[in-house]
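# Survey of secondary and tertiary structure
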Amino acid sequence: MAASRRTLVILYALHSWAGIVTGLLLFVICFSGSVMVFKNEIDLWANPLLKDLPHVAQPVGPDAVLDSLHARYPNLRAESMFPPDDVNPAWFIFAKPVDSQLRVKIAARPDTGEIIGPVDSELGQFFRTLHVFLFFGPRWIVGFLGVAMFFLIVSGFVIHRKIVKELFTVRWRKSFRLAASDLHKSVGIWTLGFHLVIAFTGAWLGLSPVFERAYAYLNGDVKPAAALKPRMEKSVQLQSIDHLLLNAEHDLPGLQVKRIVLRNTAVSFYGSLDGSLFSTAHVTYQARKFKEKNDPRINGFWSRFNGLMEPLHFGDYGGVVLKWLYFLIGLSPALLSLSGTLLWIERRKLKQRGRGNAPAVTGKQKHV
């Protein structure tokens, strides 16, 4: 019994200090992640010119968009393209000037491919960058925060396991501190399953690339540093991207293209698959010829497992109701990190007051 109590005391201390050390960053990560669920809606709201564009059943192909881009901005080189979706009706092109590293986002009409111009606001992308990279930090930091969040969830459940019997009990009339403490525990229990999924998938998305690189290094599969740098070779005339898109849909049946990446002579089509949540499907063509593809449906357990992580984390596999659920429940870990920090500060103040009010022990009292 004593060992169990000692374990709880240690676990409580670890839980408290882990929350204090990571509380602010977890608040930023969780808040930006909740808002980012509506990334496309935010981008549309922040760019009024896009609201008047028509939603067309069959948008124009990428070739027409690229032709318009080169005619309007001959100095820009397209790096990636995003087709219209259920929210945003426009084509989006990310491009860089030939002599610069400054990337710009260009919008094009879905029906004709005509270039509208640079996107004035990327508020949705701002929240995504904040959530995924903490602006410009390495993604493994966010993955580590996912591990910390997972530990806080599990340790909090173990510490406060008795509150499961009192999920509907909040001591409103006792004091603000007790009511806040009860709410902190109850919200954590009620949203436990969702928090575990978000924490685990966030940790996986942030840390799995690190472990993959470490595994490749240990197996001698790491390429020399010079080979990792992009080759500044002269671009050659590619086969029609419209034609390659048809090939991709044939080579990977059920592919719903959400992103097209252009790298010199290579073209890659990334997207999801009909009837599944997998988000890592892609097909790549090099110099007009098929190079590789990833079909999580046939590539084994780990490929399927990895393909589920991003949809489960970002909640982009359902409609607007699911987005609102992810948004509302996703705010709760941000509130828990804030409330946990405030409760810790309040407890510290109470302890200091108790020490200050403790009666001094005199020499005579010591010998009593």
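Given the structure is predicted, the values throughout are model-derived calculations rather than measurements. Residue positions are counted from 1 within each chain, in the order its sequence is given. Given that this is a predicted model, residues contribute local features only at a pLDDT of at least 70 and side-chain atom pairs are listed and counted only at 80 or more, while totals for whole chains, interfaces and linings are drawn from all residues. Hydrogens and water are ignored here; the side-chain numbers use all heavy atoms of the structure.

## Comments concerning the overall build of the protein
The following threshold applies: Under the DSSP-based scheme used, a helix requires at least four consecutive residues in state H or I and a strand at least two consecutive residues in state E, with every element numbered from the N terminus. Should any heavy atoms of two residues lie within 4.5 Å, those residues are considered in contact.
Helices and strands together make up the secondary structure of the protein, namely 13 helices and eight strands. Taking the contacts inside the protein whose residues are at least 6 apart along the sequence as the reference set, 60% of them involve residues at least 24 apart.

## Observations regarding the environment of Leu145
Turning to its location among the elements, Leu145 is positioned in helix H6 (residues 139-159). In this structure the C-alpha to C-alpha distance between Leu145 and Gly206, which are 61 residues apart in sequence, comes to 9.0 Å. Those residues in contact with Leu145, other than ones at most four positions away along the chain, are Thr22, Leu25, Leu26, Ile29 and Leu134.

## Regarding the packing of aromatic side chains
Aromatic ring pairs are reported here in terms of the distance separating the ring centres and the angle at which the planes meet. Note the following rule: Note on aromatic pairs: the rings of Phe, Tyr and Trp (six-membered ring only in Trp) are paired at centre separations within 6.5 Å, and the planes decide the class, stacked below 30 degrees, edge-to-face beyond 60, tilted for the rest. For every residue, the accessible area (1.4 Å probe, protein chains only) is compared with the maximum for its type, and the residue is labelled buried under 20%, exposed over 50%, or partly exposed between those bounds.
On inspection of all chains with the given rule, the structure shows 17 aromatic pairs. Ring centres of Phe38 and Phe327 lie 5.9 Å apart, and the angle between their planes is 65 degrees; this geometry places the pair in the edge-to-face category. Linking Phe38 in the loop between helix H1 (2-36) and helix H2 (39-46) with Phe327 in helix H12 (residues 320-357), this pair joins segments that are 289 residues apart in sequence. As far as burial versus exposure is concerned, Phe38 and Phe327 are alike and both buried. One aromatic cluster in this structure is built from Phe200, Trp204, Phe301, Trp302 and Phe305.

## Remarks on the sheet that holds strand E7 (residues 281-286)
Convention followed: At least two DSSP bridges between two strands are needed for those strands to be called paired. Working convention: axes come from line fits to C-alpha atoms, limited for helices to the stretch in contact. Angles between N-to-C directions cover 0 to 180 degrees.
The strand order E4-E3-E2-E1-E5-E6-E7-E8 describes an open sheet built from eight strands, whose pairing is antiparallel. Looking at which strands have only one partner, the edges of the open sheet turn out to be strand E4 (115-118) and strand E8 (289-294). Across the sheet, the axes of successive neighbouring strands diverge by a mean angle of 25 degrees, strand direction being ignored. As paired elements, strand E3 (residues 104-108) and E4 share three bridges and run antiparallel to each other. Looking across to E4, one finds that Ile106 is bridged to Pro118.

## A few points about the environment of Gly319
When you line up the elements, Gly319 lands in the loop between helix H11 (301-314) and H12. Spatially, the C-alpha atoms of Gly319 and Asp86 are 9.9 Å apart, while their sequence positions differ by 233 residues.

## Some details on the confidence of the model for the protein
The criterion, for reference: The predictor's confidence in any single residue is recorded as pLDDT, a number from 0 to 100.
This prediction gives the protein a mean pLDDT of 82; 83% of its residues lie at or above 70. Here residues 225-237 scores under 50 on pLDDT; set against residues more than four positions off or in separate chains, the count is eight contacts.

## Points about helix H5 (residues 123-133)
In an α-helix, one turn spans 3.6 residues, which is why side chains three or four residues apart end up on the same side. For H5, the set of buried residues is Gly124, Phe127, Thr129, Leu130, His131 and Val132. Looking one or two places after H5, you find Leu134, whose phi comes out positive at around 50 degrees.

## Some details on the nonpolar core
Keep this limit in mind: What makes a nonpolar core is a set of buried Ala, Val, Leu, Ile, Met, Phe, Trp, Tyr and Cys residues whose side-chain atoms join them at distances within 4.5 Å.
In terms of nonpolar packing, the biggest core is built from 29 residues, with Leu69, Met81, Ile93, Leu255, Ile260, Leu262 and Phe269 touching the most fellow members. For this core, the secondary-structure elements that each account for two or more residues are helix H4 (62-72), strand E1 (76-82), strand E2 (91-97), E3, helix H10 (241-251), strand E5 (255-263), strand E6 (266-273) and E7. Discounting residues that sit within four places of it in the chain, Ile260 has contacts with Pro62, Glu79, Ser80, Met81, Trp91, Val267, Ser268 and Phe269. Ranked by size, the runner-up nonpolar core spans 26 residues in total, among them Ala18, Ile29, Val142 and Ile198.

## Structural notes on the side chain of Ser268
In plain terms, the rule: Contacts described as polar in this section are N or O atom pairs within 3.5 Å, which, within protein, must combine one atom able to donate a hydrogen with one able to accept it, while residues neighboring in sequence count only if both atoms come from side chains.
Among the structural elements, Ser268 can be located in strand E6. A relative accessible area of 3% places Ser268 in the buried class. One polar contact links Ser268 to Thr284, side chain to side chain, over a distance of 2.8 Å. The contact partners of Ser268, leaving out residues within four places of it in the chain, are Arg259, Ile260, Val261, Arg263, Val283 and Thr284.

## Side note on the packing of H4 against H10
The criterion, for reference: An angle below 35 degrees is treated as roughly parallel, one above 145 as roughly antiparallel, one from 65 to 115 as roughly perpendicular, and anything else as oblique. In this classification, the charged set is Asp, Glu, Lys and Arg, the nonpolar set is Ala, Val, Leu, Ile, Met, Phe, Trp, Tyr, Cys and Pro, and all remaining amino acids, among them Gly, are polar.
The interhelical angle for the contact between H4 and H10, taken along N-to-C directions, is 150 degrees, at an axis separation of 7 Å. In terms of axis orientation, H4 runs roughly antiparallel to H10. Across from Pro62, Asp63 and Leu66 in H4, the residues of H10 making contact are Ile241, Asp242 and Leu245. Taken together, the residues of the contact of H4 with H10 break down into four nonpolar, no polar and two charged.

## Section: the packing of helix H8 (residues 192-218) against H11
Inclusion rule: We call a crossing left-handed when the near helix sits turned anticlockwise from the far one by less than a right angle, and right-handed when that turn is clockwise.
At their nearest, the axes of H8 and H11 sit 9 Å apart, and the two run at 120 degrees to each other. One element, H8, and the other, H11, form an angle in the oblique class. With respect to the hand of their crossing, H8 and H11 are arranged in left-handed fashion. Facing Val197, Ile198, Phe200, Thr201, Gly202, Trp204 and Leu205 of H8, the residues of H11 in contact are Trp302, Phe305, Asn306, Met309, Glu310, Leu312, His313 and Phe314. Partitioning the contact of H8 with H11 into residue classes produces 10 nonpolar, four polar and one charged.

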